[in-house]
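What follows is the residue order along each chain.
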Amino acid sequence: MKLSNLALLNITVFLKSQSYLLPVILLFYIQNGLDAADFFFFQGIVSFTELILGLPGGYLSDYFSKKTILIFSYFMLFMRYALWLCFGGYWIILSGEICYAIYKSLFQSAAEGYIYQYLSDNEKTAKNLKKFGKFNAAASLGSAFSSLFGTYIFKHTGFVVVLSVQLCIISLGIFLLICIKPVNKAKYEKQRAYHTFKDFISLGKTFYNSKLKFYILTSGIFIAVTSLFVNTFQPLMKFGNVPLMFFGYVYFFNHITRFISSLYTDKIIKICNLKMLGYVCFILCLISFVLMFYIIKYDLFFMVVPLLLFACIGVALVLCLNIGVVSFLQEHSVLENRSMMASLNNTFMRFSSSLILFINTFILEHIGFQYEPVLGIVCLVAAFCMITKLNFTKAN
């Protein structure tokens, strides 16, 4: 049976999301002489690098073949694990994370643009929300699968085998990307290279004057909050002396809930509008951070795993909210700025994520781990203010 282009793309997303190192990446950092503060600092650098490359990445996706950008981004992911397999140390880990940042900044905007253009070429844009949901579901399923087995592989074989498995999977993904067909390009795109700066200025004005900015700001702040919480999973479990195998179980639950919310995003959005979903995300995330504060303050170690499982539900719904925002932006952006508007959305998410992770690094080093939830609560207040500004009622 011949697979469609979108089916092949979803398979490559499933493959690239199989990060067997993810459940134990903090232990990998420690093995290379780094600590939890370095981990948060590097994740902040990743988000900041994505921020710098975000808008140019969207422009490249509009100007060049989206297929070419997808393949190149996958190659950068390959380089990340190749560096870590062959070398070690502070600067090698940082170099690998920068390669990862390049991959993330290019792949996401190119993939989102590819999906919508493919549907547009086949006159099926009404299915864009469902297709975006399946795209993110494939990513979450891949992460869930690897989270379940990553800890087991590491425990019995070590990091060398884990990294080798990653390289084999990514190589298969590159081959599949080569097999997909490129989507059509608008004829005028090749003439836009002379107007790049004007495009960015025009896009900035459009963002400032548009009601869409509140959707971008809401989604970006929530993604930053969940980034803070997800990156806290391993330090919190290490703080609570949680057994190693539970690292994998927590990450599995995190990604399987993301898979379910992504798969049924179109149905969730039909039941409630984006504004209502934003309020639900706010309540769940607020409860998670308040519980986290009391667990750390009073050493309630037995509540660490239940807290993280509860927080995973909020993280999954934030992903659903983000998918709805991406679909909304794709539908309400003009053709020549579609990928750039998606990159603007991704860029703000990266900016807010890098900022919150850098601030958290300072908190860990100079104030204390127990005050990390306070940072999350402050950000949630900002998110609540943005939710109240949402005027459109439906994502479609």
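Residues numbered from 1 in each chain as written. Predicted model: local features only at pLDDT ≥ 70, side-chain atom pairs only at ≥ 80, totals over all residues. Heavy atoms only, no water.

**Examining the overall build of the chain**
Applied cut-off: Think of it this way: any DSSP run of H or I at least four residues long counts as a helix, any run of E at least two long counts as a strand, and we number them from the N terminus. Partly exposed residues are those whose accessible area sits between 20% and 50% of the maximum for their type, while under 20% is buried and over 50% is exposed, using a 1.4 Å probe and protein chains only. Under the convention used here, a 1.4 Å probe and the Shrake-Rupley method define accessible areas, while residue burial counts only the protein chains that appear.
A tally of helices and strands in the chain yields 15 helices and zero strands. Counting over 396 residues, the chain shows a buried share of 58%. Of the roughly 16,600 Å² of accessible surface on the chain, a fraction of 69% belongs to carbon and sulfur atoms.

**Things to note about the packing of aromatic side chains**
Stated precisely, the cut-off is as follows: A pair of Phe, Tyr and Trp rings is counted when the ring centres sit within 6.5 Å of each other, with Trp represented by its six-membered ring. The angle between the planes then sorts it: under 30 degrees is stacked, over 60 is edge-to-face, the rest tilted. Think of it as a cone above the ring: NZ of Lys or CZ of Arg counts as a charge over the ring if it is within 6 Å of the ring centre and within 35 degrees of the ring normal.
Summed over the entire model, instances satisfying the criterion amount to 29 aromatic pairs. The interplanar angle of 70° and the centroid separation of 5.8 Å between the aromatic rings of phenylalanine 39 and phenylalanine 40 together place this pair among those described as edge-to-face. In terms of burial, phenylalanine 39 and phenylalanine 40 fall into one category: buried. For the pair phenylalanine 293 and tyrosine 294, a centre-to-centre distance of 5.7 Å together with 85° between the ring planes defines the contact as edge-to-face. For phenylalanine 293, a relative accessible area of 22% translates into the label partly exposed. The ring of tyrosine 100 has arginine 80 sitting right over it, with the charged end atom 4.0 Å from the ring centre.

**As for the state of the cysteines**
Threshold: Sulfur atoms of two cysteines make up a disulfide when they are within 2.5 Å.
For the structure on display, the rule yields zero disulfides. In this structure cysteine 272 is a free cysteine whose sulfur lies 7.3 Å from that of cysteine 320, the closest cysteine sulfur available. The exposure class assigned to cysteine 272 is buried, which follows from its relative accessible area of 12%. Cysteine cysteine 281 is unpaired, with the sulfur of cysteine 285 as its nearest cysteine sulfur at 6.2 Å.

**Some thoughts on the environment of methionine 292**
Condition: Note on definitions: a residue-residue contact is assigned when non-hydrogen atoms from the two residues lie within 4.5 Å.
Along the chain, methionine 292 falls in helix H12 (residues 274–297). Methionine 292 has contacts with Phe229, Thr232, Leu236, Leu307, Phe369, Glu372 and Pro373, leaving out every residue within four places of it along the chain.

**Overview of helix H9 (residues 212–239)**
Let me state the cut-off plainly: Working rule for helices: expected span equals 1.5 Å times residues minus one. The reported bend at a residue is simply the angle between two axes, fitted to the 7 residues ending at it and to the 7 residues beginning with it.
In this model H9 runs 41 Å from its N-terminal to its C-terminal C-alpha over 28 residues, within 8% of the 40 Å that 1.5 Å per residue would give. Its maximal kink placed at phenylalanine 233, H9 deviates by approximately 40°, while the proline proline 235 follows within four residues. Where burial is concerned, most of H9 is hidden: 26 out of the 28 residues are buried. Looking one or two places after H9, you find asparagine 241, whose phi comes out positive at around 55°.

**Digging into the packing of H9 against H12**
Two quantities define a packed helix pair, namely the angle between the axes and the distance from one axis to the other. Definition in use: Under this scheme, a helix contributes an axis fitted over its contacting stretch, all axes are lines through C-alpha atoms, and angles between N-to-C directions fall in the 0 to 180 degree range. When an angle is under 35 degrees it counts as roughly parallel; over 145 it counts as roughly antiparallel; between 65 and 115 it counts as roughly perpendicular; any other value is oblique. Take the far helix as the reference: if the near one is turned anticlockwise from it by less than a right angle, the crossing is left-handed, and if turned clockwise, right-handed.
Packing of H9 against H12 leaves a shortest axis separation of 11 Å and a crossing angle of 25°. As judged from the angle between their axes, H9 and H12 are roughly parallel. When the axes of H9 and H12 are compared, the crossing they make is left-handed. Two secondary-structure elements touch here, H9 through Tyr215, Phe222, Val225, Leu228, Phe229, Thr232, Leu236 and Phe239 and H12 through Leu274, Gly278, Cys281, Phe282, Ser288, Phe289, Met292 and Ile296.

**Re the packing of H12 against helix H15 (residues 372–387)**
Running from N to C, H12 and H15 cross one another at 165°; their axes reach a closest spacing of 9 Å. As far as their axial angle goes, H15 and H12 are roughly antiparallel. Considering how the two elements wind past one another, H12 and H15 form a crossing that is left-handed. Contact residues: Lys275, Gly278, Tyr279, Phe282, Cys285, Leu286, Phe289, Val290, Met292, Phe293 and Ile296 in H12; Glu372, Pro373, Val374, Gly376, Ile377, Leu380, Val381, Phe384 and Ile387 in H15.

**Overview of a nonpolar patch on the surface**
For clarity, the threshold we go by: What goes into a patch is any residue over 30% in relative accessible area without a salt bridge, connected to like charges within 9 Å or, for nonpolar side chains (Val, Leu, Ile, Met, Phe, Trp, Tyr), within 5 Å. Within this document, salt bridges are pairs made up of a side-chain nitrogen of Lys or Arg and a carboxyl oxygen of Asp or Glu, the two lying within 4 Å of each other.
Together, Phe145, Leu148, Phe149, Phe246 and Tyr249 make up an exposed nonpolar region whose accessible area comes to about 430 Å². Breaking the nonpolar patch down by element, the ones donating at least two residues are helix H6 (128–157) and helix H10 (244–263). For the nonpolar patch, the element with the most residues is H6, which contributes three residues. With respect to the element layout, phenylalanine 149 can be found in helix H6. A residue is classified by how much of its surface remains accessible, and phenylalanine 149, at 37% relative accessible area, is partly exposed.

**Details of the confidence of the model for the chain**
The line we're drawing: One confidence number per residue, pLDDT, is output by the predictor and ranges from 0 to 100.
Confidence along the chain averages 85 in pLDDT terms, with 88% of residues attaining 70 or more. Scored below 50 in pLDDT, residues 186–195 makes 14 contacts in the model with residues more than four places away or belonging to other chains.

**A word on the side chain of serine 47**
Here serine 47 is to be found in helix H3 (residues 36–63). The class of serine 47 is buried, set by a relative accessible area of 7%. If we skip the residues at most four places from it in the chain, serine 47 touches Arg350, Ser353, Ser354 and Leu357.

**Some details on the nonpolar core**
Heads up, the rule is: Note on terminology: a nonpolar core comprises buried Ala, Val, Leu, Ile, Met, Phe, Trp, Tyr and Cys residues joined through side-chain atoms within 4.5 Å.
The biggest cluster of nonpolar side chains holds 121 residues, and the ones touching the most others in it are Leu21, Leu70, Trp84, Phe222, Phe233 and Met237. Per-element accounting of this core gives the leading share, 17 residues, to helix H13 (residues 304–332). If we skip the residues at most four places from it in the chain, methionine 237 touches Val242, Phe246, Phe247, Val250, Tyr251, Val304 and Leu308.

**Description of a positive patch on the surface**
Applied cut-off: Charge convention: Lys and Arg are scored as positive, Asp and Glu as negative, and His as well as the terminal groups of each chain are ignored. All charge positions are set by atom: Lys at NZ, Arg at CZ, Asp at CG, Glu at CD.
Where like charges cluster on the molecular surface, the positive patch consists of Lys124, Lys127, Lys130, Lys134, Lys267 and Lys270. Elements that contribute at least two residues to the positive patch include exactly H6 and helix H11 (265–271). Its location among the elements puts lysine 127 in the loop between helix H5 (90–121) and H6.

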